[in-house]
Amino acid sequence: MVAGWNTQPSRIGGVDAEYLATLSEDATPVILAALPRLDTLKRATLLDSRTKGAGLEAEDWRSATLSRFLAGRSLRNSVP
């Protein structure tokens, strides 16, 4: 919900990519959907946070979550 509000088309000029990059894996599908509307620097910041910094790869099966699974699936389907 937070990511959806912060990526609204009326707010695109004011999107705070550094803040969005700190959100959990739950925000990944919404953030990926907003990428085409963002400038190159903000897009790179968010992609980097979603792929490297988001910790999508569970270290152990006991730390696996539905959020990580859905975020990973969104990334695999969205990023070439």
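With that settled, the discussion passes to the overall build of the protein chain. The number of helices and strands found in the protein chain is five helices and zero strands. Looking at the protein chain as a whole, 35% of its 80 residues are labelled buried. Here the contacts in the protein chain between residues at least 6 apart in sequence split such that 58% fall between residues at least 24 apart. Accessible surface computed for the protein chain: about 5300 Å², of which carbon and sulfur atoms make up 58%.

Core analysis: the biggest nonpolar cluster contains 11 residues, these being Val15, Ala17, Leu20, Leu23, Ala27, Ile31, Leu32, Leu35, Leu38, Leu46 and Leu75. Elements supplying a minimum of two residues to this core: α2 (17-20) and α3 (28-34).

In this model, the protein chain carries an average pLDDT of 75, and 71% of its residues clear a pLDDT of 70 or more. Taking the mean pLDDT of every element in the protein chain, the minimum, 57, falls on helix α1 (residues 2-6) and the maximum, 86, on helix α4 (residues 40-51).

Time to look at helix α5 (residues 66-78). Between its first and last C-alpha atoms α5 spans 18 Å; for 13 residues at 1.5 Å apiece the expected length is 18 Å, and the two agree. Among all positions in α5, only Ser67, Ala71, Gly72, Ser74 and Leu75 are buried. The arc that holds every buried residue of α5, seen down its axis, measures 160°, which confines them to one face. Facing away from the buried side of α5 by more than 90 degrees, the exposed set consists of Leu66, Arg76 and Asn77. Tucked into the core, α5 has its buried residues touching α3 and α4.

Looking now at a nonpolar patch on the surface. A grouping of Leu66, Phe69 and Leu70 is seen on the molecular surface, where their side chains present a nonpolar patch of about 290 Å² in accessible area. Considering the arrangement of structural elements, one finds Phe69 in helix α5. Here Phe69 falls in the partly exposed class, since its relative accessible area comes to 45%.

The rules behind the values
Residues numbered from 1 in each chain as written. Predicted model: local features only at pLDDT ≥ 70, side-chain atom pairs only at ≥ 80, totals over all residues. Heavy atoms only, no water. Helix = DSSP H or I, 4+ residues; strand = E, 2+ residues; numbered from the N terminus. Buried < 20%, exposed > 50% of the residue type's maximum accessible area, 1.4 Å probe, protein only. Contact = heavy atoms within 4.5 Å. Areas by Shrake-Rupley, 256 points an atom, 1.4 Å probe, with all protein chains shown as cover. Core = buried A, V, L, I, M, F, W, Y, C linked by side-chain atoms within 4.5 Å. pLDDT = per-residue confidence, 0-100. Expected span 1.5 Å × (residues − 1). Arc of directions from axis to C-beta. Patch = residues over 30% accessible without salt bridge, like charges linked within 9 Å, V, L, I, M, F, W, Y side chains within 5 Å. Salt bridge = Lys/Arg side-chain N within 4 Å of Asp/Glu carboxyl O.

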